[in-house]
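Listed below are the residues making up each chain.
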Amino acid sequence: MALFFKRNTRIFILILVFLITACFSSPVCFATEPESDNASETSRERLKKQIESRLEKPDRINNIYLNTEAENILLDILKSNPAEENKVYILLGMLYKEEGKFEKAGEYLIKAADNYPILRDYVLKLLADIYVDSKELKKALQTVRQIKNHLLLKSAKQAEIEILFTLRRRDEVREALSRYIERYPEDWKHKVTLAGLLKNRGKIDRVVRLYKDIYINNLDLSEYAMNELRSFKADSFTEKELLRRADNLFKNSEFREAETVYKEVVSRIKGPEKEEARFRIGMCWFNLKQYDKSAKSFGLIDTPESMYWKARSYYVSKNREMFDKVKKEFEASYPDNKQLALLFLMEAEEFRKQGRSSDAANSYTRVLTDFPDNAEDALWGIGWLNYINGDYGDALDYFSRLAGYVKSVDYYKYLYWKARTEEELYGDCIYPKDSRARVNEKGICSGKKVNFFCGLSSDESYYGYLIKSRSPSRKLSDRVELTKPVKPEGEAYERIEALVSLGMKDEAVNEILDTLKKTEGLEEFRYLGYMAMKLNEYKEIIAFAEEKEERLYLPYAYPFGYRDSVNYAAGLNGLDPYLVVALIREESRFDPGAVSWEGAIGLMQIMPSTAFRVREKIKVQLQDSLELHDVRKNILLGSNYLSQLINEFKDIPLAIAAYDAGEKRLNEWIAEFDKDDIVEFIENMPYEETGIYVKKVLKSYWQYRTINGLSVSGMKERQTGN
């Protein structure tokens with residue numbers, strides 16, 4: 001009985017929702033009716049109470065009584081709301097299908113399929129499943145072959161193949177499989193099936209081609225395919241086939257196996273392809289962090305690209321002597337190559353970290369002089385070098401030049417640091433003891449107060465928010481409300497609405513994402529975005545909306561997913577819920593099933609070791625790391641860990657950095673760099689990836705707050721003269 005309860009809970013809830021929706025959309029629910037209709041209304045209420053009580057106590061579920069009652073109530077709705085007829089038929093068909101009463105389910109679904117073209121293909125899919133379950137395979141085959149919706153077509157073709165298999169219609173299976181694979185060439189499992197059928201027919205040449213295709217292109221089935229090829233003594237490959245296999249391994253980060261295959265290619269071929277394979281061997285070792293081996297591999301190739309990667313291998317492994325040697329060889333052999341500029345920039349950054357400012361400046365200047373395409377990077381490097389050394393006059397010269405790069409993605413970064421540099425230069429003159437002597441940005445005294453951020457343009461980037469936060473004229477942005485938009489006209493939107501109302505979530509999401517690809521209109525997007533977020537589907541909506549400039553898109557680019565769980569966890573841990581949701585957005589894009597290559601799991605991408613450590617403090621039941629995919633548990637654990645980091649490091653940006661890089665590493669950076677000014681500290685982080693991460697989370701945090709009409713917060717920086 002408990003199994004029955006689990007299987008049917010969704011249907012019972014759907015009926016409740018449907019009953020309430022239908023009732024509230026009909027004036028009958030609120031009108032004064034004769035006694036017979038009052039009795040009918042009482043019946044509805046009685047059914048509602050019965051279902052609720054039985055959901056609480058599964059052992060009290062009475063199949064036949066519940067279905068009969070539900071059927072009567074649903075059919076009674078049609079008398080006052082005939083527009084819902086086909087939805088009622090689908091609901092009844094789904095209910096009886098779940099109950100295993102296929103004949104009754106089929107009756108209702110046939111009615112819906114004949115009269116409801118908007119959802120015809122979805123009803124046909126349900127109907128085909130019923131025919132399969134009731135062993136009426138010929139009817140099932142006839143039904144799946146009627147499905148035309150391109151979102152359902154692949155699964156319909158798969159069902160057709162399975163039915164033909166069961167019916168033992170081998171020739172038709174082979175034909176159907178061949179057509180299917182021609183349409184869906186990357187369905188490797190079905191290719192294996194086709195190969196097996198052809199093997200039985202003695203079509204060895206085609207079987208070998210299929211298994212070679214599988215071995216070369218699909219890693220999961222490659223071992224099986226190889227075993228089959230060996231059985232035919234057909235396990236030899238051309239050089240081009242091996243290269244394709246190795247390239248696929250490389251693309252899938254299987255670097256060790258890829259390196260082995262590339263070595264075999266090198267032993268068999270000559271010419272440019274041999275050099276390319278050798279280069280790939282070096283890249284395999286580089287990605288495996290075997291930098292000595294990668295440098296050796298790159299050293300076997302005489303090209304500027306290989307020499308660049310050889311130098312970079314030594315740079316990453318901190319072999320300063322060999323890096324210098326290879327860089328000089330590169331400079332002698334390829335003095336005008338653009339990759340030489342990248343080596344100079346690496347060298348300059350290393351000099352800066354070592355405190356060798358003069359050497360760093362020389363390397364940056366070399367880039368600025370000889371490689372105009374990299375001038376922007378060099379200007380920033382020299383400007384930042386001067387800034388952190390306190391040479392604000394020189395820094396201002398370079399930042400002023402950078403402020404002319406109005407089309408750069410870093411334009412607001414340059415504006416911000418230019419203004420910060422002006423503060424450092426002239427800050428003492430803004431509020432001097434002698435009020436008659438004030439210095440303006442040209443170094444001339446005046447009697448005016450100066451705010452160097454006043455009037456600067458800004459956007460909604462990380463640096464744009466920093467500019468706004470320092471401007472005296474800043475004001476709160478208007479709150480952007482997320483309201484349910486009007487449903488656009490068109491069959492696609494009708495279908496989405498119908499699928500949602502029937503609780504067919506996955507089907508509705510697929511329709512939404514498919515329709516999204518075909519529209520760019522704001523109103524259409526607002527509807528699609530609203531419906532997607534209602535179904536907890538965020539990733540595609542965020543990607544679409546964050547490219548738009550209009551503020552109306554902001555609630556879709558920055559949705560508040562899993563609001564109840566976030567608010568609860570934030571309140572429990574003394575956090576701003578907008579900080580929690582910003583971190584979730586940047587960590588997982590609200591995907592509970594997310595898993596990183598390092599093993600971080602779920603919405604807040606928490607490591608299992610951290611989760612098991614945290615659970616003891618907040619008494620969260622956690623038996624297995626897979627439970628970290630649970631939305632509520634993940635947010636509780638992640639929020640508590642974030643709260644601990646804020647308490648430890650006292651600043652939100654530092655806590656965010658520790659969340660990404662770990663407490664130990666952050667403490668090392670704090671020991672190395674001054675953290676009194678958080679913005680400077682973030683800019684100076686040795687790991688660029690962590691600095692980028694902190695900026696992304698802070699930007700999202702501020703965006704969430706401004707969307708909701710709140711001021712930005714969470715940043716502490718030294719204020720000069722203000």
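Criteria and thresholds
- Residues numbered from 1 in each chain as written.
- Predicted model: local features only at pLDDT ≥ 70, side-chain atom pairs only at ≥ 80, totals over all residues.
- Heavy atoms only, no water.
- Phe/Tyr/Trp six-rings, centres within 6.5 Å; stacked < 30°, edge-to-face > 60°.
- Lys NZ or Arg CZ within 6 Å of the ring centre and 35° of its normal.
- Patch = residues over 30% accessible without salt bridge, like charges linked within 9 Å, V, L, I, M, F, W, Y side chains within 5 Å.
- Areas by Shrake-Rupley, 256 points an atom, 1.4 Å probe, with all protein chains shown as cover.
- Salt bridge = Lys/Arg side-chain N within 4 Å of Asp/Glu carboxyl O.
- Lys, Arg positive; Asp, Glu negative; His and termini not counted.
- Charge placed at Lys NZ, Arg CZ, Asp CG, Glu CD.
- Helix = DSSP H or I, 4+ residues; strand = E, 2+ residues; numbered from the N terminus.
- Buried < 20%, exposed > 50% of the residue type's maximum accessible area, 1.4 Å probe, protein only.
- Expected span 1.5 Å × (residues − 1).
- Contact = heavy atoms within 4.5 Å.
- Core = buried A, V, L, I, M, F, W, Y, C linked by side-chain atoms within 4.5 Å.
- Axes fitted to C-alpha atoms, helices over the stretch in contact; angles between N-to-C directions.
- Parallel < 35°, antiparallel > 145°, perpendicular 65-115°, else oblique.
- Left-handed = near helix turned anticlockwise from the far one by under 90°.
- Nonpolar A, V, L, I, M, F, W, Y, C, P; charged D, E, K, R; others polar.

(A) Region of interest: the packing of aromatic side chains. Throughout the structure, instances matching the rule amount to 38 aromatic pairs. Measuring from centroid to centroid gives 5.4 Å for Tyr-315 and Phe-323, while their planes differ by 50°, and the two rings are tilted. Stacked on the ring of Tyr-465, the Lys or Arg Lys-468 has its end atom at 4.6 Å from the ring centre. Taking the ring centre of Phe-560 as reference, the NZ or CZ of Arg-563 above it sits at 4.2 Å.

(B) View of a negative patch on the surface. Residues Glu-598, Asp-660, Glu-688 and Glu-689 make up a contiguous surface patch of negative charge. Note on placement: Glu-688 falls in helix α37 (residues 688-707). A relative accessible area of 58% means that Glu-688 is categorised as exposed.

(C) Inspection of helix α17 (residues 304-316) at higher detail. Compared with the 18 Å implied by 1.5 Å per residue over 13 residues, the 18 Å span of α17 between its first and last C-alpha is a close match. By the burial criterion, the buried members of α17 are Ser-306, Met-307, Tyr-308, Trp-309, Lys-310, Ala-311, Ser-313 and Tyr-314. Elements in contact with the buried residues of α17: α15 (272-287), α16 (291-298), α18 (320-333) and α19 (338-353). Looking at the residues trailing α17, positive phi occurs at Lys-318, about 65°.

(D) Spotlight on the nonpolar core. Counting 215 residues, the largest nonpolar core has Ile-90, Leu-119, Tyr-262, Trp-417 and Ile-635 as its most contacted members. Examining the composition of this core, we find that nine residues originate from one element, helix α33 (residues 631-649), more than from any other. When sequence neighbours within four positions are dropped, the list of residues in contact with Ile-90 reads Leu-109, Ala-112, Tyr-116, Leu-119, Val-123, Leu-126 and Leu-502.

(E) A look at the packing of helix α31 (residues 577-588) against α33. Where α31 meets α33, the closest approach of the two axes is 11 Å, and the angle between their N-to-C directions is 110°. Compared by their axis directions, α31 and α33 come out roughly perpendicular. Considering how the two elements wind past one another, α31 and α33 form a crossing that is right-handed. In this structure, α31 uses Leu-579, Val-580, Leu-583 and Ile-584 to contact α33, whose residues at the interface are Ile-635, Ser-639, Leu-642 and Ile-646. Of the residues belonging to the contact of α31 with α33, the class tally is seven nonpolar, one polar and no charged.

(F) Just unusual backbone geometry, in detail. Despite not being glycine, Lys-233 has its phi angle at roughly 55°, a positive value. Turning to its location among the elements, Lys-233 is positioned in the loop between α12 (222-231) and α13 (239-251).

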